[in-house]
Amino acid sequence: MLHWILIFLLIAAAASLLGFRGVAGASAGIAKILIFIVLVIFIIAFVTGVVVVA
């Protein structure tokens, strides 16, 4: 999942530099949604005890 976030952020950066505002905004939006999903999954795993921080 983190791999996809990095891909979409790189696409957003490249599109932004080349002037493609629509593509940059869309890929940045997708990256934001994926980041939120990863954070929610991590918090749920942490609360249920699947992830142990030592």
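Residues numbered from 1 in each chain as written. Predicted model: local features only at pLDDT ≥ 70, side-chain atom pairs only at ≥ 80, totals over all residues. Heavy atoms only, no water.

1. Thoughts on the packing of aromatic side chains
One pass over the full model with this rule turns up two aromatic pairs. A centroid spacing of 6.3 Å and a plane angle of 20° characterise the contact between phenylalanine 42 and phenylalanine 46, whose relative ring orientation is stacked. Here phenylalanine 46 and phenylalanine 42 lie together in helix H2 (residues 21-48), a separation of four residues that amounts to about one turn. (Phe/Tyr/Trp six-rings, centres within 6.5 Å; stacked < 30°, edge-to-face > 60°. Helix = DSSP H or I, 4+ residues; strand = E, 2+ residues; numbered from the N terminus.)

2. What to know about H2
Over its 28 residues, H2 runs 41 Å from end to end, which matches the ideal 40 Å to within 8%, given 1.5 Å per residue. All buried positions along H2 are accounted for by Ala24, Ser27, Ala31, Leu34 and Ala45. Packed against the buried residues of H2 are helix H1 (2-18). Two residues or fewer after H2 comes glycine 49, characterised by a positive phi angle close to 95°. (Expected span 1.5 Å × (residues − 1). Buried < 20%, exposed > 50% of the residue type's maximum accessible area, 1.4 Å probe, protein only. Contact = heavy atoms within 4.5 Å.)

3. Some remarks on the packing of H1 against H2
Orientation of H1 relative to H2, taken along the N-to-C sense of each, is 155°, at an axis distance of 8 Å. In terms of orientation, H1 lies roughly antiparallel with respect to H2. As H1 packs across H2, the resulting crossing turns out to be left-handed. Between H1, through Leu2, Trp4, Ile5, Phe8, Leu9, Ile11, Ala12, Ala15 and Ser16, and H2, the contact on the second element is made entirely by Val23, Ala24, Ser27, Ala28, Ile30, Ala31, Leu34, Ile35 and Val38. In terms of residue class, the contact of H1 with H2 is made up of 16 nonpolar, two polar and no charged. (Axes fitted to C-alpha atoms, helices over the stretch in contact; angles between N-to-C directions. Parallel < 35°, antiparallel > 145°, perpendicular 65-115°, else oblique. Left-handed = near helix turned anticlockwise from the far one by under 90°. Nonpolar A, V, L, I, M, F, W, Y, C, P; charged D, E, K, R; others polar.)

4. A closer look at the UniProt feature "transmembrane region" (unreviewed entry) in the protein chain
UniProt records the feature "transmembrane region" (unreviewed entry) at residues 35-53, using the numbering of this structure. Structurally, residues 35-53 comprises 74% helix and 0% strand, and the distance from its first C-alpha atom to its last is 20 Å. (UniProt positions renumbered as here; feature names shortened; annotations may be inferred.)

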